[in-house]
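Report on the structure
Single-letter residue listing:
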Amino acid sequence: MGRVAFAIISLGLLSFPQARADATPPAGPERVKLTGEIIDSWCQVSGIMGVGTGTAHHQCAIWCAVGGVPIGIQGDDGKAYILLKDESRDVVGDPTLIDIQTDKVVVDADRYIRDGVNYLVVRKVLENSGVVLKNDKDYGIVPFGE
Amino acid sequence: MGRIQVLVAAFAVFALLAFAGPAQSADSLGVHNEQIVTLKGKVVDLACEVTGSCASDCGGGKRPLGLLTEDGRLYVAAKSNTIFAGLLKDIVAQCGKTIIADGLTTSDHDATLLMIQRYKTSDDGAWVETDGFAVDWSKRHAVPVDGKMTEEWYRNDWVVKGAVARRGKLGEN
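How each quantity is defined
- Residues numbered from 1 in each chain as written.
- Chains lettered and ligands numbered in written order.
- Predicted model: local features only at pLDDT ≥ 70, side-chain atom pairs only at ≥ 80, totals over all residues.
- Core = buried A, V, L, I, M, F, W, Y, C linked by C-beta atoms within 7 Å.
- Buried ≥ 20, exposed ≤ 12 C-beta atoms within 10 Å, placed from the backbone.
- Helix = DSSP H or I, 4+ residues; strand = E, 2+ residues; numbered from the N terminus.
- Domains from an automatic or database assignment.
- Contact = placed C-beta atoms within 7 Å.
- Nonpolar A, V, L, I, M, F, W, Y, C, P; charged D, E, K, R; others polar.
- Arc of directions from axis to C-beta.
- Pairing = 2+ DSSP bridges.

1. Notes on the nonpolar core
L84 of chain A together with L65 and A77 of chain B are the most contacted members of the largest nonpolar core, which has 74 residues in total. The dominant element in this core, judged by the number of residues it contributes, is helix 3 (residues 54-66) of chain A, at eight residues. Both domains that meet at this core, namely domain 1 (21-129) and domain 2 (141-173) of chain B, each give it at least three residues. Sequence-distant contacts of A77 of chain B, that is, excluding residues within four places in its chain, are made with L65, G66, L67, L87, I91, L114 and I116 of chain B.

Given below as structure tokens:
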């Protein structure tokens, strides 16, 4: 087989789309006590603002919560959890959750895992320490600096 | 070119056409572990899909939504084209229906989120840009959708103003 034909075959094989991760069966619920910061999940996971936690990002987290971006908890274990329910309330537009953006909380919750994503149904917020991460001196107010 | 080489070339062209996947047109944002995607799936209530606790109409805008693709994978439908806004106003009306979505995924902190930039409800349907939040906000506030008020909705929204007034821009109050 000539080199040209070999190259063409190789190109053809490379054109196959990458195999996506297989869907995984759901796990949970598992009762957990979790400590972490209330976050806007998009900014934290995407990194689009550079910093997605703390005082620097507090106002932006309110914007996103009001805008309907899924609210989450950045756990002290390094994982971002998506909130499905908070003390039996639906979470989108919930005034309590909007008011506690960026706060450090301890929650009693049921954790579910689906396709590698962690979800929480919060039974009770056990503690709220307010905003603990004071990073506005390092980053200013993110975004727009005002 | 010999006969075998012609056959090989024909196979390669077939492979390119058959397996290259659908055309994708989502804009890159350069976010963490970004993957540009075109997905076909059903709009679902995330809480219903994950926990079995369901509400009518996917919660009517009070619950986060997901996209359940034909291979059974569940995506968190997180972000629209409107700045600082999610997808509820765009796709909650499609609850339980199948859409084709152009967008991207981003992954970090053991989570993956989906941004949908445009969608259509059938293979030969028209693409719809995901600016539903801005359109809805402009109607509720009786201002032009393409005006400054809507463009900076996050500075003009009374719920935002109330929350920032209570806690301060840094949340320290």
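The discussion continues.
2. So, the domain arrangement of chain B
The assigned domain composition of chain B is domain 1 (21-129) and domain 2 (141-173). Between the C-alpha centres of domain 1 of chain B and domain 2 of chain B there is a distance of 25 Å.

3. Focus: the interface of chain A and chain B
Contacts between chain A and chain B engage 56 residues on the former and 53 residues on the latter. Only helix 1 (3-14), helix 2 (41-46), helix 3, strand 3 (80-86), helix 4 (95-99), strand 5 (103-114) and strand 6 (117-131) of chain A provide two or more residues apiece to the side of chain A that touches chain B. Taken together, the residues of the side of chain A that touches chain B sort by class into 30 nonpolar, 19 polar and seven charged.

4. Some details on helix 7 (residues 158-167) of chain B
Every α-helical turn comprises 3.6 residues, leaving residues that sit three or four positions apart pointing alike. Of the positions making up helix 7 of chain B, those classed as buried are V160, A163 and R167 of chain B. The buried residues of helix 7 of chain B all sit within an arc of 70° when viewed along its axis, so they share a single face. Turned more than 90 degrees from where helix 7 of chain B packs its buried face, W158, A165 and R166 of chain B sit exposed. The secondary structure elements touched by the buried residues of helix 7 of chain B are helix 3 and helix 4 of chain A together with helix 6 (153-156) of chain B. Within two residues after helix 7 of chain B, G168 of chain B carries a phi angle of roughly 85°, on the positive side.

5. A look at the environment of V142 of chain A
Residue and element names in this part refer to chain A. Along the chain, V142 turns up in the segment after helix 5 (136-139). Looking at V142, the number of C-beta atoms within 10 Å reads 22, which means it is buried. Leaving out residues up to four positions away in the same chain, V142 has contacts with M49, G50, V51, A56, H57 and C60.

6. A closer look at unusual backbone geometry
Trans is the prevailing form of peptide bonds, just as negative phi is the prevailing case for residues other than glycine. Cis rather than trans, the peptide bond between G28 of chain A and P29 of chain A has omega equal to 10°. Within the secondary structure layout, P29 of chain A lies in strand 1 (residues 27-40). Residues V142 of chain A and P143 of chain A are joined by a peptide bond in cis, for which omega reads -5°. Inspection of the secondary structure assignment puts P143 of chain A in the segment after helix 5. For E87 of chain A, which is not glycine, the phi torsion reads 45° and is therefore positive. Counting through the fold element by element, E87 of chain A comes out in the loop between strand 3 and strand 4 (89-90). Of note, the phi angle at H109 of chain B is positive, near 50°, even though the residue is not glycine.

7. A short note on the pairing of strand 6 of chain A
All names here are of chain A. Pairing geometry for strand 3 and strand 6, over five bridges, is parallel. In the sheet register, Y81 faces strand 6, and the bridge partner there is N118. Where strand 5 lies against strand 6, eleven bridges are found, and the strand directions are antiparallel. Looking across to strand 6, one finds that A109 is bridged to V122. Two successive antiparallel strands, strand 5 and strand 6, enclose a turn made up of two residues, where D115 displays a positive phi of approximately 50°.

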